[in-house]
Amino acid sequence: MLIYNITTKVEHTIAHKWVHWMKEAHIPAILQTEKFVGSNFSKLLDVDETDGITYVLQFFAKNKHHYDQYIREFSAELRNEAVEKWGSGFISFRSLMEEV
């Protein structure tokens, strides 16, 4: 199982609306690609929140082929939707992990 991890710091002024959008629109849109079998959305605790609140989103892919298909076919459009909606109110970094 592969874990596509997205860690995002969100400005305080948009955090509540951003979380709602993630739960109601963005996460379901990613899952609708059928490249992932599930997800987990969490708030990172015990971190400095001066510049914003940090969230961790994880998607679970059965194999590298499904992950690669998602990146190639869907990720750019979905990332662009987030940028169009929230502008510079957030910053994300992504990593790929393998369950051991």
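To start, this report covers the structure provided alongside it. (Residues numbered from 1 in each chain as written. Predicted model: local features only at pLDDT ≥ 70, side-chain atom pairs only at ≥ 80, totals over all residues. Heavy atoms only, no water.)

## Side note on the sheet that holds strand β1 (residues 2-10)
Spatially, the 4 strands line up as an open sheet ordered β2-β3-β1-β4, and their pairing is antiparallel. Each end of this open sheet is capped by a strand with a single partner; those strands are β2 (38-43) and β4 (90-98). Taken over all neighbouring pairs, the strand axes of this sheet differ in orientation by 15° on average, direction set aside. Pairing analysis gives 9 bridges linking β1 to β4, with the strands arranged antiparallel. Across the sheet, Lys 9 pairs through a bridge with Ile 91, a residue of β4. (Pairing = 2+ DSSP bridges. Helix = DSSP H or I, 4+ residues; strand = E, 2+ residues; numbered from the N terminus. Axes fitted to C-alpha atoms, helices over the stretch in contact; angles between N-to-C directions.)

## Quick notes on unusual backbone geometry
Even without being glycine, Glu 34 reaches a positive phi, approximately 60°. With respect to the helices and strands, the residue Glu 34 is situated in the loop between α1 (15-31) and β2.

Don't take any of this as a statement about function, it's just geometry.
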